[in-house]
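Single-letter residue listing:
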Amino acid sequence: PQVREVPVEWLWILLQHAKRGRLARQFVSYFTGILLYTIVMEDLVNVQNTYMVQSSIAQEVAEQEFPGQSFLMVFEDIANDAEWWDFMEGVLFPVLYQPRYFNSDHRNQTWNQRFENTVAMANTMTMPVRLRQVRVTDDSCSTPSGNSEMNRPCWGEFSFSNQYKGPVVGSTFVTGLHNWRGKEGYSGSRNYGTEAHVVDFPLARAGGISWQNRLAELKAGLWLNEQTRAIAVEAGFYNANLGINTYVKWQIDISPGGRFKAWSRMMSCRMNPYATDSDTLRFVGEWILGAGLFWAVFATVLEVKNTPVNLLFGSSRILQVIDLAVLMVFLAMAALWVDFNRVWAPRAAEFQSFSDTVLDLYTPTRRVQIVVQLGSFSLLWVYFRSFRSLTLFSIMNMVSRTLSRAVEELLPFAFVFLMIIVGFALSSTWVFGIQIEQFRTFWRSFATVWQCMMTGGLPLEDMQRFRPIFVMPFLCVWTVLVALVLINVFIATLSDKQARIEQDGENEMTILAATTGRSGRVGWLEGTLRGYWAKFRKASLSDGGEDTESQEAGATNKASERLVKSRNIFDRQADIDVMRAQKAISEVDLKEIGFVREALLRKRKLRPADLTPLFRGDVQAAEELAEKMCDLEEAQQQESSGNGDQEAKEQERLKKLHDTVQALESQVKRLRKGLHNSGIAKKGTENQPAILPNLPGAVEVETRLEQYAHHDTTQK
């Protein structure tokens, strides 16, 4: 038997409508989830309160000016060991161990000595202050000893193999500490491990040797010397007003070259995260998000599993894998948060009370910080992927198609672009990195060059001061190659693809309008509302009782009249042929409908066998869809033909009415002439119709004739 061709135009209208309906549902659910996730994380992070705590501690210590200096100097300006001791003796310990209020009252005589060791009035130390350092052994450098008599002794980079573990004045070598690292980009983020020489300073309420005497002992014994590669001061605070614990570390990294890098780190968290009413609401939101997370993981795994092997390396499949990876990150977040509440939250009272021993506040605060960092990173991808559901709207759909079309051409361009940026970063590192901070490492140079490409900002004054000859060639080549050539090529590529997408959109609308009429111009929202209204009308007519037949007849006439004007398939969603076609469409894999649009634009014919990609290779389902679409096309043609016959009948009735009116008008003119000749009626004028007074049933003849004439013109 002859295989019928699939009506591509009607098929594409229904497929597009079904896909937009799914995108609309995804849009609602996706943005509801994003909103809930944002609210939960915002309450968990509590940026405002955390900022107030950490900034107050920083202002009192790290940003405090050194006393007795002839110039402004703060903690991060420390460049040698003498300045380190000035900070310890003149800033840090006087702030942490301040014995009196501003009015000279003793702190230990009020509020049960609670406000001893308090910074910024509200942040109280709850445990001893700990000094911690790592040293390297003598002659641990890689310089050969025979080159010069100055080569020994020497001290190299820190490593676990050359760590010094011998006695140090006033210190105890302790193992099993929390892990600590150097400043990113300065010590190679060097890992200093879990073993170190430590010195603990008890709280003022504990009494004992004063901090002045302890510092004097350490200073006299060269506690900080040439062997030292890192030194840190650790303290733990609790703010009772906000219920926030804060871990603070002031650290110095010392390179073999003698460079001191001073930096501080603060991490805060609420050790009891479910203490208030808002916490209870957040708890409910966390459970809802957890259930949604497991559902999303299951759905994504199932989707990836059902993907054909030959399509695993497509762009959409790569996005699926990234989605799955991000979901794994969310699972890791959930696991860390559950572990925090299982292990550390029950110990909240320990960290919110005074302790004579140093507690590990670093680990719980770091755990919460990791949760927040993973959440912020994942949120970026979540918001980016929301673009997928936004393709429900025409403008965003055009942007999506433009980017997907441009990817193939932009990938080689992006590789070339990246290589040029890397080349400039390496070049600037070798030339300027010796003396300019922004180019000291490759990654800092890369960031500086990238920022210059986006917003400008090269440190030209420093570059001209240190390398005046190299600056102008560097700047000219950068401007011409990147700013004038590569960026314009990128913009031109996108513009070309956008122009093609817009032309395809216009062609699509033209083809659909020629075949399907107004059905091709109906948007998703209008089509959905029309469909609901059609189903509602059918349901109301089916429950109409004795007048059902007359109502159905009236509704049929009205529907036919409306379809004549609109030719809109969505008004017929209650019809059996449309319902069957939509049921078949509901089984389609809507991610694979792109070839139908291509066939529409290229005016290619599709046969049932061509529809198998819509059903993952199911030939029978493809044939059933093709059959139902052909039935839909035939029903639509019959509907249009029936509406054409009805219109012809109406025109015939109008013609007969017109002939009748003309005959009546001729007879009335003869009657009026006879009446005038007999003198019964007064003669009328152009603006005053003839009146037949005193005659039974007298009417305004001219007025009635004008009404007939007006009706005739309207019908025409």
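(A) Region of the structure containing the overall build of the protein. When you go through the protein residue by residue, the secondary structure sums to 18 helices and 10 strands. Counting only residues that meet the buried cut, the protein has 39% of its 716 residues in that class. As presented, the protein carries roughly 40400 Å² of accessible surface, and 58% of it is formed by carbon and sulfur atoms.

(B) View of the side chain of Ser268. Relative to the helices and strands, Ser268 is located in strand S10 (residues 260–269). Of note is the side chain of Ser268, whose polar atom sits 3.0 Å from the side chain of Gln54. Of the polar contacts made by the side chain of Ser268, one reaches the side chain of Thr246; its length is 2.8 Å. Dropping the residues within four chain positions of it, Ser268 is found in contact with Thr50, Gln54, Ile244, Asn245, Thr246 and Thr365.

(C) The state of the cysteines, seen in detail. With the rule as written, the count across this model stands at 1 disulfide. In this model, Cys141 is linked to Cys154 through a disulfide, with the two sulfur atoms separated by 1.7 Å. Looking down the S-S bond of the Cys141 and Cys154 bridge, the torsion is -75 degrees, so its handedness is left-handed. Residue Cys141 is located in the loop between strand S3 (129–135) and strand S4 (172–174), and its partner Cys154 is located in the loop between S3 and S4; the two are separated by 13 residues in the primary sequence. On the basis of relative accessibility, which here comes to 11%, the residue Cys154 falls in the buried class.

(D) Up close: the pairing of strand S9 (residues 244–254). With 11 of 11 residues buried, S9 is to be regarded as a mostly interior element. What you see with S9 is no split at all: Ile244, Thr246, Val248, Trp250, Ile252 and Ile254 on one side and Asn245, Tyr247, Lys249, Gln251 and Asp253 on the other are buried throughout. Here strand S8 (residues 228–239) runs beside S9; their pairing, made up of 10 bridges, is antiparallel. Counterpart to Val233 in the pairing with S9 is Trp250. Turn length for the S8-S9 hairpin, with the two strands adjacent in sequence and antiparallel, is 4 residues, and the turn residue Gly243 shows positive phi of about 70 degrees. Examined bridge by bridge, S9 and S10 share 10 bridges and lie antiparallel to one another. Among the inter-strand pairings, Val248 is bridged to a residue of S10, identified as Met266. Connecting S9 to the next strand, S10, in antiparallel fashion are 5 residues, including Gly258 with a positive phi near 95 degrees.

(E) Inspection of the side chain of Thr126 at higher detail. Within the fold, Thr126 resides in the loop between strand S2 (123–125) and S3. Excluding residues that lie within four positions of it along the chain, Thr126 makes contacts with Leu203, Gly236, Tyr238, Phe351, Ser353, Phe354 and Ser355.

(F) Quick peek at unusual backbone geometry. Looking along the chain, the bond that leaves Arg152 and enters Pro153 is cis, with omega of 0 degrees. Mapped onto the fold, Pro153 is located in the loop between S3 and S4. Located in the positive-phi region is Asn46, a residue other than glycine, with phi close to 50 degrees. For Asn46, the position within the fold is in the loop between helix H1 (8–45) and helix H2 (47–60). Under the relative-accessibility criterion, Asn46 is labelled partly exposed at 23%.

(G) A look at the nonpolar core. Counting 44 residues, the largest nonpolar core has Trp84, Phe87, Met88, Phe93, Leu131, Phe201 and Trp250 as the members making the most contacts within it. For this core, the secondary-structure elements that each account for two or more residues are H2, helix H3 (81–96), S3, strand S7 (196–201), helix H4 (211–220), S8, S9 and S10. It is H3 that contributes the most residues to this core, 9 residues altogether. Excluding residues that lie within four positions of it along the chain, Leu131 makes contacts with Met88, Phe93, His197, Val198, Val199, Phe201, Leu218, Trp223, Ala232 and Val233.

(H) Structural view of the packing of H1 against helix H8 (residues 362–390). The N-to-C vectors of H1 and H8 enclose an angle of 160 degrees; their axes lie 10 Å apart at closest approach. For the element pair H1 / H8, the angle class is roughly antiparallel. Crossing handedness for the pair H1 and H8: left-handed. Across from Leu23, Gln26, Phe27, Tyr30, Phe31, Ile34, Tyr37, Thr38, Met41 and Val45 in H1, the residues of H8 making contact are Val371, Val372, Gly375, Leu379, Val382, Tyr383, Arg385, Ser386, Arg388, Ser389 and Leu390. When the residues that make up the contact of H1 with H8 are grouped by side-chain class, the tally is 14 nonpolar, 5 polar and 2 charged.

(I) View of the pairing of S3. By the criterion of burial, S3 is predominantly enclosed, with 7 of the 7 residues buried. With 5 bridges joining them, S3 and S7 adopt antiparallel strand pairing. Bridging from a neighbouring strand, Val129 pairs with Phe201 of S7. When S3 meets S8, the two strands line up antiparallel, connected through 6 bridges. Note that in S8 the partner of Gln133 across the bridge is Ile231.

(J) Representation of the environment of Gly375. Structurally, the position occupied by Gly375 is in helix H8. Taking the relative accessible area as the measure of exposure, Gly375 reaches 3% and is therefore buried. Here the alpha-carbon distance between Gly375 and Val326, two residues 49 residues apart in the chain, equals 10.0 Å. Once residues within four sequence positions are removed from consideration, Gly375 is found in contact with Tyr37, Met41 and Met333.

(K) Spotlight on a negative patch on the surface. Taken together, the side chains of Asp618, Glu623, Glu624 and Glu627 define an acidic patch exposed on the protein surface. As for its position among the elements, Glu624 is in helix H17 (residues 619–678).

(L) The pattern of salt bridges, seen in detail. Counted under the stated rule, the structure contains 22 salt bridges. In this structure, the salt-bridge partner of Arg259 is Glu437, at a minimum N-O distance of 3.7 Å. Within this pair, whereas Arg259 is found in the loop between S9 and S10, its partner Glu437 is found in the loop between helix H9 (394–432) and helix H10 (442–455), the two being separated by 178 residues in sequence. In this structure, the salt-bridge partner of Asp339 is Arg367, at a minimum N-O distance of 2.3 Å. You can see Asp339 sitting in helix H6 (residues 315–343) and its partner Arg367 sitting in helix H8, a full 28 residues away along the chain. Residue class for Arg367 comes out buried when judged on its relative accessible area of 19%. Connected through shared salt-bridge partners, Asp43, Arg270, Asp279, Arg282 and Glu286 make up one network.

(M) Here's a closer look at the packing of aromatic side chains. Under the counting rule described, the total for this entry stands at 32 aromatic pairs. Ring centres of Trp180 and Tyr192 lie 5.1 Å apart, and the angle between their planes is 55 degrees; on these two criteria the pair is classed as tilted. Of this pair, Trp180 sits in strand S5 (residues 180–181) while Tyr192 sits in strand S6 (residues 191–193), and the two are 12 residues apart along the sequence. Judged by its relative accessible area of 1%, Trp180 falls in the buried class. A cation over a ring is seen here: Arg214 above Phe201, with NZ or CZ 5.1 Å from the ring centre. Positioned over the ring face of Phe466 is Arg465, at 5.0 Å from the centre of the ring.

Thresholds, definitions, all that
- Residues numbered from 1 in each chain as written.
- Predicted model: local features only at pLDDT ≥ 70, side-chain atom pairs only at ≥ 80, totals over all residues.
- Heavy atoms only, no water.
- Helix = DSSP H or I, 4+ residues; strand = E, 2+ residues; numbered from the N terminus.
- Buried < 20%, exposed > 50% of the residue type's maximum accessible area, 1.4 Å probe, protein only.
- Areas by Shrake-Rupley, 256 points an atom, 1.4 Å probe, with all protein chains shown as cover.
- Polar contact = N/O pair within 3.5 Å; in protein donor to acceptor, adjacent residues only side chain to side chain.
- Contact = heavy atoms within 4.5 Å.
- Disulfide = S-S within 2.5 Å.
- Pairing = 2+ DSSP bridges.
- Core = buried A, V, L, I, M, F, W, Y, C linked by side-chain atoms within 4.5 Å.
- Axes fitted to C-alpha atoms, helices over the stretch in contact; angles between N-to-C directions.
- Parallel < 35°, antiparallel > 145°, perpendicular 65-115°, else oblique.
- Left-handed = near helix turned anticlockwise from the far one by under 90°.
- Nonpolar A, V, L, I, M, F, W, Y, C, P; charged D, E, K, R; others polar.
- Patch = residues over 30% accessible without salt bridge, like charges linked within 9 Å, V, L, I, M, F, W, Y side chains within 5 Å.
- Salt bridge = Lys/Arg side-chain N within 4 Å of Asp/Glu carboxyl O.
- Lys, Arg positive; Asp, Glu negative; His and termini not counted.
- Charge placed at Lys NZ, Arg CZ, Asp CG, Glu CD.
- Phe/Tyr/Trp six-rings, centres within 6.5 Å; stacked < 30°, edge-to-face > 60°.
- Lys NZ or Arg CZ within 6 Å of the ring centre and 35° of its normal.

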